[in-house]
Amino acid sequence: MTGQRREQLRLLTKALFVAAGVVLVLGVIGAIQVATAEEDFLLGNLQRQSRGPLALGALGGGVFAAGVLAALGGIITILLNRDKTE
């Protein structure tokens, strides 16, 4: 593997970890927004008590997506380090 390709992959791993952090923050913000929304234009005719599972779903989706991005970054990092030691 060339040095330029290795640097491109290292940049990709950094971007994946940053994207994971951004997605996690946006998932938390989305869950708070769903839980505290006063308007019904987005959620329809949901009662305030039934918004909890929807907010947890938004939070869970954000955590899951962030985990996938971080895992991809970690896998690429491990492969780069393994290739470097061989």
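Cut-off values and rules
- Per chain, residues are indexed from 1 in the order of the written sequence.
- Predicted model: local features are reported for residues with pLDDT of at least 70 only, side-chain atom pairs are reported and counted for 80 or more only, and whole-chain, interface and lining totals are derived from all residues.
- Just so you know, side-chain values use all the structure's heavy atoms and leave hydrogens and water out.
- A helix here means a DSSP run of H or I that spans at least four residues, while a strand means a run of E at least two residues long, and both kinds are numbered starting from the N terminus.
- One less than the residue count of a helix, multiplied by 1.5 Å, gives the span that helix is expected to have.
- Here the term buried applies to any residue with accessible area under 20% of the maximum for its type, exposed to any over 50%, and partly exposed to those in between, with areas from a 1.4 Å probe on protein chains only.
- Two residues qualify as a contact provided that any one of their heavy atoms is within 4.5 Å of a heavy atom in the partner residue.
- Geometry is summarised by axes, namely lines fitted to C-alpha atoms with helices restricted to the contacting stretch, and by angles between N-to-C directions that run from 0 to 180 degrees.
- Oblique is the label for every angle not falling under 35 degrees (roughly parallel), over 145 degrees (roughly antiparallel), or within 65 to 115 degrees (roughly perpendicular).
- Each residue gets one label: Ala, Val, Leu, Ile, Met, Phe, Trp, Tyr, Cys and Pro are nonpolar, Asp, Glu, Lys and Arg are charged, and the others, such as Gly, are polar.

Peer 1: Can you tell me about helix 2 (residues 51–85), naming the residues and giving the values?
Peer 2: Compared with the 51 Å implied by 1.5 Å per residue over 35 residues, the 51 Å span of helix 2 between its first and last C-alpha is a close match. When helix 2 is considered as a whole, its buried residues turn out to be Arg51, Ala55, Gly62, Ala66, Gly73, Ile76 and Leu80. Those residues of helix 2 that are buried are in contact with helix 1 (3–36).

Peer 1: Can you tell me about the side chain of threonine 13, naming the residues and giving the values?
Peer 2: Along the polypeptide, threonine 13 turns up in helix 1. Apart from residues no more than four positions distant in its own chain, threonine 13 is found in contact with Gly73, Ile76 and Thr77.

Peer 1: Give a detailed account of the packing of helix 1 against helix 2, specifying residues and quantitative values.
Peer 2: At a closest axis distance of 8 Å, the pairing of helix 1 and helix 2 adopts a crossing angle of 170 degrees. Judged on the interaxial angle alone, helix 2 and helix 1 are roughly antiparallel. Here the contact of helix 1 with helix 2 is composed, by residue class, of 24 nonpolar, seven polar and five charged.

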